[in-house]
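What follows is each chain in one-letter form.
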Amino acid sequence: MTFQEKIKEYPVTLPASHGPLLKSVQDWAFSNGLTMLTDDPATAVHAPVTLHPSPFPRSVFDESIEAQRGFNTLYSKISSFTNNNWLDKIIDKLAPSDPDFTGKLWKTHKLSLVDGKPIQPLTLGLFRSDYMIDQKDGNLTPKQVEFNTVSVSFGGLTSKVADLHRYLAATGAYGDDAKFDLDDIPRSNSISELANGLAQAHKAYVAQNGAQKSKTAVLAVVEKHEKNAIDQRHLEYQLWDNHGIVTHRVSMLEATKVTEIRDLDGVSRLYYNDAEVSVVYFREGYSPDHFPTQAHWDARLYLEKNRAIKCPSVYTQLAGAKKVQQILTDKSELLKFVSEKDIGPLVNTFVEILPLGEDSEGGKRAEQLARTEPERFVLKPQREGGGNNIYKQDIPGFLEKLPKNEWSAYILMELINPPVIQNHILRKGELFTGDTLSELGVFGTVLWNSENGEILHNDTTGWLLRTKLESSNEGGVAAGFGCIDGVYLVD
Ligand code: ADP
Ligand code: MG
């Protein structure tokens, strides 16, 4: 059956009485930690999910998965102090147009260097490349929405959703008429594989520093009232279960109080009580909201400027700027990092992205298109976490009010128009049925030496499908617009 034919079978007809199906989903979710916390930190709800996995073209899925190791390599090179510090010039130019966030991250990075070098050259990236299906000329291909280098989320919960869908299909919970072949509902092993990435970095630290494995730990830096804490916990528990590695959770600000830096043989090492910290894993610090005071910025610098391996370093976080993504669509820039023979799988996923506030040809084209054809574009600032973009008809008015010196903090990106699929979404026990759009995320883990660009470990580590009702422009699950889905692969 083709993808187009399969879509017509959706939304899948629910059993005449679908109460038991919804109950199955909820019980499974509560039993397996497919949950999110609420405003009341003592209460959890099941994470919003689709009832059925969305049809997804196998070729698009395979292409996205296959591109990941190349993207891991690319971003590790961009975040290295090779190639004449290529990233420095870009961020130097970008920082003044976004002084409060990009500018302060940039300053933090520079303050963290000792004699122009990081104290710890090894860097860990838990990355996620996001795609939507493009359907131009009847050809289905993955197009990249963005590349995330910091605090990528849902690696925990997505593994659970794929397993939930497989369980529902296997037990006949979908009803007699709904036929799903389990072979076409793949699992996402992101929990174990992302945890393995953290473990690889931990082991590299232990070997590098002659530390004792039993007296080292990972430090997870997390928001104080993180509703998505269970997603993070899955990685923590797996690190313990599979690798015997303990994780301590602290907020950025707390970290300065509950940890200390000890100078050993002239090297600043980070300690949490008696445990030497091997890896600092940041799930906080990707948004300006996480830095309400200078003390927060000081805390970020404190955590950067020591021997522990950072996941990610500030420099790597900056490499995930949307500005960088835009510049990489220029082939001559991409070729500085990837050889001609290897760029195919990467550039095939690119759509047009243009700079704003530049006197260049691209800059002029962007300014004109933003006025004449805004319905084809989305305008993006240098932000993460959803809810920051300006869409279509809102673009011209927004730019009119924006001071010219702030224009270069934005990029103009061609909109991808993925297929619309009708599906059922279950959110806090309530069922919604309607037109949906999906975004595939592919996880990647890479451990490298930022001084010489050498890669020690590079892996594709599972995937995520987020689905939103078409009526909302953004797909943030934690931000409240979307849900976690699975894929039903069709040829
Ligand atoms: P953030 O860093 O806030 O996650 P994104 O670049 O991922 O920013 O944009 C947020 C959301 O906006 C995406 O999840 C997607 O739903 C939508 N979006 C972004 N870029 C595009 C695009 N080029 N075409 C269609 N939708 C897009
Ligand atoms: Mg995104």
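In this text the structure is predicted, and so the values were computed from the model without any measurement.

### Quick word on the overall build of the chain
Part 1: The helix and strand inventory of the chain stands at 16 helices and 21 strands.
Part 2: Against the 2.2 N^0.38 benchmark of 23 Å for 491 residues, the chain shows a C-alpha radius of gyration of 22 Å, consistent with a compact globule.
Part 3: In terms of overall dimensions, the chain has a C-alpha envelope of 70 × 55 × 45 Å along the principal axes.
Part 4: For the chain, buried positions account for 57% of its 491 residues.
Part 5: If you sum the accessible surface of the chain, you get close to 20,100 Å²; carbon and sulfur atoms cover 48% of it.
Part 6: In the chain, which carries 52 positive and 65 negative side-chain charges, the distance between the mean positions of the two groups comes to 4 Å.

### With respect to the UniProt feature "domain: Glutathione synthase substrate-binding" (unreviewed entry) in the chain
Part 1: The sites that carry the UniProt feature "domain: Glutathione synthase substrate-binding" (unreviewed entry) are, in the present numbering, residues 217-319.
Part 2: Secondary structure across residues 217-319 divides into 38% helix and 31% strand, with the first and last C-alpha atoms of the span separated by 27 Å.

### Structural notes on the sheet that holds strand β13 (residues 353-355)
Part 1: Ordered by their spatial adjacency, four strands build an open sheet running β13-β16-β14-β15, and the pairing between neighbours is antiparallel. Of all strands in the sheet, those with a lone pairing partner are β13 and β15 (390-391), marking the two edges.
Part 2: As paired strands, β13 and strand β16 (residues 411-414) are joined by three bridges and run antiparallel to one another. Following the sheet pairing, P355 is matched in β16 by I411.
Part 3: Sheet contacts for helix α15 (residues 361-372): β13, β14 (377-380) and β16; angle to β13, the most-contacted strand, approximately 105 degrees.

### Concerning the pairing of strand β10 (residues 267-272)
Part 1: Here six bridges tie strand β9 (residues 259-264) to β10, and the two strands are oriented antiparallel to one another. By the bridge assignment for β10, E260 is matched with Y271.
Part 2: Here β9 hands over to β10 after two residues, with D265 in that stretch at a positive phi of 50 degrees.
Part 3: Strand direction decides the pairing type here: β10 and strand β11 (residues 275-282), joined by two bridges, are antiparallel. Residue pairing across strands places Y271 opposite E276, the latter belonging to β11.

### Side note on the pattern of salt bridges
Part 1: Tallied over the entire structure, the rule returns 28 salt bridges.
Part 2: Between K6 and E9 there is a salt bridge whose closest N-O contact spans 2.9 Å.
Part 3: Assessed through its relative accessible area of 8%, K6 is described here as buried.
Part 4: For D130, the salt bridge identified is with R128, shortest N-O distance 2.8 Å.
Part 5: By relative accessible area, R128 is classed as buried at 4%.
Part 6: When salt bridges with common partners are traced through the structure, they connect R128, D130, E439 and R466 into a single cluster.

### Considerations on the site of ligand 1
Part 1: In the vicinity of ligand 1 there are 21 residues, among which K322, K380, G386, Y391 and E439 approach most closely.
Part 2: E146 has a polar side-chain atom sitting 2.8 Å from an oxygen atom of ligand 1.
Part 3: The contact in question runs from a nitrogen atom of ligand 1 to an N or O atom on the backbone of E414, over 2.9 Å.
Part 4: A total of 540 Å² of accessible area belongs to ligand 1 in isolation, and the protein chains cover 95% of it.
Part 5: When residues of the shell around ligand 1 are traced back to their parent elements, those giving at least two are β6 (141-148), β14 and β16.
Part 6: Split by domain, the residues of the shell around ligand 1 number at least three in each of domain 1 (3-351 + 416-489) and domain 2 (352-415).

Cut-offs and rules
- Residues numbered from 1 in each chain as written.
- Chains lettered and ligands numbered in written order.
- Predicted model: local features only at pLDDT ≥ 70, side-chain atom pairs only at ≥ 80, totals over all residues.
- Heavy atoms only, no water.
- Helix = DSSP H or I, 4+ residues; strand = E, 2+ residues; numbered from the N terminus.
- Rg over C-alpha atoms; globule rule 2.2 N^0.38 Å.
- Buried < 20%, exposed > 50% of the residue type's maximum accessible area, 1.4 Å probe, protein only.
- Areas by Shrake-Rupley, 256 points an atom, 1.4 Å probe, with all protein chains shown as cover.
- Lys, Arg positive; Asp, Glu negative; His and termini not counted.
- Charge placed at Lys NZ, Arg CZ, Asp CG, Glu CD.
- UniProt positions renumbered as here; feature names shortened; annotations may be inferred.
- Pairing = 2+ DSSP bridges.
- Contact = heavy atoms within 4.5 Å.
- Axes fitted to C-alpha atoms, helices over the stretch in contact; angles between N-to-C directions.
- Salt bridge = Lys/Arg side-chain N within 4 Å of Asp/Glu carboxyl O.
- Near = heavy atom within 4 Å.
- Polar contact = N/O pair within 3.5 Å; in protein donor to acceptor, adjacent residues only side chain to side chain.
- Domains from an automatic or database assignment.

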